[in-house]
Amino acid sequence: MNTTAAVVVYGATGHTGRFIVAELRRRGFTTIVSGRDAARLAALAAEWPGVEPRPATVDDPASLDRALAGAAAVVNAAGPFAVTGGPVVEAALRAGIPYVDVAAEIEANVTMFADHAGAAREAGIPVVPAMAFYGGLGDLLTTAVMGEWTAADVAHIAYGLDSWHPTPGTREAGQVSHDRRAGRRVRFADGALQYHDDKPAEQEWHFPAPLGRRAVFGEFTMADVVTLPSHLAVPEVRTYMTVEAAGDLATEDTPAPEPVDDLGRSDQTFLVDVLVTAGGVDRRATARGRDIYAITAPLAVEAVERILTGRTRTTGVASAGAMFDAADFLRALSPYLSVELSH
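Residues numbered from 1 in each chain as written. Predicted model: local features only at pLDDT ≥ 70, side-chain atom pairs only at ≥ 80, totals over all residues. Heavy atoms only, no water.

Q: Go over the pairing of strand β14 (residues 281–290) with me, naming the residues and quoting the values.
A: As defined by bridge partners, strand β13 (residues 269–278) adjoins β14 across ten bridges and the pair is classed as antiparallel. Within β14, the residue paired with Asp273 across the bridge is Thr286. Taken together, β13 and the strand that follows it, β14, pair antiparallel across an intervening segment of two residues, in which Gly279 is found at a positive phi of about 55°. The sheet contact formed by β14 and strand β16 (residues 338–342) spans five bridges and is antiparallel. (Pairing = 2+ DSSP bridges. Helix = DSSP H or I, 4+ residues; strand = E, 2+ residues; numbered from the N terminus.)

Okay, structure coming up:
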């Protein structure tokens, strides 16, 4: 693999952005760090020799063009993606390079598919939104466990987080999404996104051991309701979140994650449990790991590496499960994730 051509990380000084830069460097990629704060970028470059800072702002297309000049790909890690997604992907298309982002915002992902699919397809450039813990991982797990199935009746994705210490970026992006949908909640049913005012319902989910039976909020809707239906014939996608983690997110004074190891990861653990049903037959996939923000880095960087080495299944705007061999992709994440597929 040629790693001499650089990968740009936009939003590199953020919590997730730093994990992505570290993962790129670990894999030997030349890395350019970009974003709006020149001083923080310079400090990051001083911390990591060989990293080049290129400040840019999303309201200045010329600055984005300079940031992406000569690069092989760009990873957008700067939320809110409702603000950054359009300008950065448009700059990538002007530069003729692949674009990957880690957006968890439902509306931002809908917009990416709706507004940029034609231009990306015409240019023959891969664009992969939501290549992160929320959106990308669930899509990969669902696609892999469906295997030869071409359709299913329903896909359930249950998030078993032992806690959720949100970053400032998560809070800001969540507020933007809340405002864009005027405080309404969203579900994917009958083959379409549906906005509603129903209150969240608490129920139980039987996670695999060691979590076991846990209280969850049903229709705690994440980006999976955009990524899965973009390429899978599943008319209902239902997502769930453990009550404890949802409570952490809803509490204004829950602190941001704190590192507890040399990699900067927090002590948070997670279990993602996917249950797909077709004609009365169930298939299940589970993924276990640590730190939802840290795991986003190998997801995004693995995507970049596969795109740059030609291991893709399509072009244009596509979710992880459509762009890549899902089962093979998950196997490549074995140093970071424990994955089980039950057919």
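Q: Pulling in residues and values, what's your account of helix α4 (residues 81–95)?
A: For α4, spanning 15 residues, the distance from its first C-alpha to its last is 20 Å, which sits close to the expected 21 Å at 1.5 Å a residue. Contact partners of the buried residues in α4: β1 (7–10), α3 (61–68), β4 (73–76), β5 (99–101), α5 (106–123) and β6 (126–128). One or two steps after α4, the chain reaches Gly96, where phi turns positive at roughly 75°. (Expected span 1.5 Å × (residues − 1). Contact = heavy atoms within 4.5 Å.)

Q: Lay out the nonpolar core in plain terms, naming residues and giving numbers.
A: In this structure, Ile20, Met131, Phe133, Leu161 and Trp164 are the most contacted members of the largest nonpolar core, which totals 105 residues. Ranked by residues supplied to this core, first place goes to helix α6 (residues 133–146) with eight residues. Look past the residues within four positions of Trp164 in its chain and what remains in contact with it is Tyr134, Thr170, Phe220, Met222, Met241, Ala245, Asp248, Leu249, Thr254, Gln268, Ile292 and Tyr293. With seven residues, the next largest nonpolar core counts Ala158, Val216, Leu271 and Leu275 among its residues. (Core = buried A, V, L, I, M, F, W, Y, C linked by side-chain atoms within 4.5 Å. Buried < 20%, exposed > 50% of the residue type's maximum accessible area, 1.4 Å probe, protein only.)

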